[in-house]
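One letter stands for each residue in the lines below.
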Amino acid sequence: MQPTDVINTPISLEFLGLNERALITESDLEQAILDNLQKFLLEMGHGFCFEARQKRILIDDDYFYVDLVFYHRVLKCHIIVELKTDKFKHEYASQLNMYLNYFKNEEMTKGDNPPVGLLLCTEKGNTQVKYALAGLDKNIFVKKYLVALPDEKTIKEYVSKEIMNI
């Protein structure tokens, strides 16, 4: 089984009750997810187990804080989730790559598979993501999240487009 087999696409966070137009901080988003942890785990996919929030790691003399850490019992690896309340930026990929390298060297135990990084953003440009991830860990995934489901017309257009691509 691969990470792409267990991580849902897209990830709908509608159950958090956040206003689509409201300006929220990463901390607000994180708190809303933790307040609704069971629903979040079900939305993410099968096999996720919560491990930590704002996990503090020390690299050289600097502390870094990983937003959310899960362990996936089927993939047998850590899932590192970074939350962003804006559009994807290339530096987010670099940050997540550093966290994955840390977990490979400091947190993996015998029998674990390499960690998976999941970057959740409000928007992403596929070409920018492609270039930013080129040469980085293959287990980094950038996903768009929705705080509200699209209207019926948008869903119908999406489904029609996907059927045409089959």
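Please read these numbers as outputs of a predicted model, since none were measured by experiment.

Q: An account of helix H5 (residues 126-133) is needed here, citing residue identities and associated values.
A: Think of an α-helix as 3.6 residues a turn; residues three or four steps apart then line up on the same face. For H5, the set of buried residues is Val129, Ala132 and Leu133. Along the axis of H5, the buried residues cluster in a sector spanning 90 degrees; they form a single face. What points out from H5, more than 90 degrees from its buried face, is the exposed set Lys130 and Tyr131. Remark: Gly135 follows H5 within two positions and exhibits a positive phi of approximately 85 degrees.

Q: Describe the packing of aromatic side chains, and please don't skip the residues or the numbers.
A: Per the counting criterion, the structure on display carries three aromatic pairs. Between Phe48 and Phe70 the ring centres are 6.1 Å apart and the planes differ by 90 degrees, which places this aromatic pair in the edge-to-face class. Within this pair, whereas Phe48 is found in strand E2 (residues 48-59), its partner Phe70 is found in strand E3 (residues 62-72), the two being separated by 22 residues in sequence. Owing to a relative accessible area of 7%, Phe48 belongs among the buried residues under this scheme. Pairing Phe50 with Phe70 gives two aromatic rings, centres 5.8 Å apart and planes at 70 degrees, and the pair type is edge-to-face. Taken together, the residues Phe50 in strand E2 and Phe70 in strand E3 connect sequence positions 20 residues apart. Among the aromatic residues, those joined into a cluster by ring pairs are Phe48, Phe50 and Phe70. In this structure, Arg56 is placed above the aromatic ring of Tyr63, and the distance from its NZ or CZ to the ring centre is 4.2 Å. Lying over the aromatic face of Tyr92, Lys84 brings its terminal NZ or CZ to 4.6 Å of the ring centre.

Q: So, the nonpolar core: which residues are in play, and what are the values?
A: The biggest cluster of nonpolar side chains holds 21 residues, and the ones touching the most others in it are Phe40, Leu68, Phe70, Ile79, Val81, Leu83 and Leu120. Among the elements of the structure, helix H2 (26-35), helix H3 (37-44), E3, strand E4 (77-83), strand E5 (116-121) and strand E6 (140-146) are those that each provide at least two residues to this core. Non-local contacts of Leu83, meaning those with residues more than four positions away in its chain, are made with Glu26, Leu29, Glu30, Ile33, Asp67, Leu68 and Leu120. Counting 20 residues, the second largest nonpolar core, distinct from the first, contains Ala52, Ile57, Tyr92 and Leu96.

Q: Please set out a nonpolar patch on the surface residue by residue, giving values where relevant.
A: Together, Leu58, Tyr63 and Tyr65 line one region of the surface with nonpolar side chains, adding up to about 310 Å² of accessible area. Along the chain, Leu58 falls in strand E2. Given a relative accessible area of 44%, Leu58 falls into the partly exposed group.

How each quantity is defined
- Residues numbered from 1 in each chain as written.
- Predicted model: local features only at pLDDT ≥ 70, side-chain atom pairs only at ≥ 80, totals over all residues.
- Heavy atoms only, no water.
- Buried < 20%, exposed > 50% of the residue type's maximum accessible area, 1.4 Å probe, protein only.
- Helix = DSSP H or I, 4+ residues; strand = E, 2+ residues; numbered from the N terminus.
- Arc of directions from axis to C-beta.
- Phe/Tyr/Trp six-rings, centres within 6.5 Å; stacked < 30°, edge-to-face > 60°.
- Lys NZ or Arg CZ within 6 Å of the ring centre and 35° of its normal.
- Core = buried A, V, L, I, M, F, W, Y, C linked by side-chain atoms within 4.5 Å.
- Contact = heavy atoms within 4.5 Å.
- Patch = residues over 30% accessible without salt bridge, like charges linked within 9 Å, V, L, I, M, F, W, Y side chains within 5 Å.
- Areas by Shrake-Rupley, 256 points an atom, 1.4 Å probe, with all protein chains shown as cover.
- Salt bridge = Lys/Arg side-chain N within 4 Å of Asp/Glu carboxyl O.

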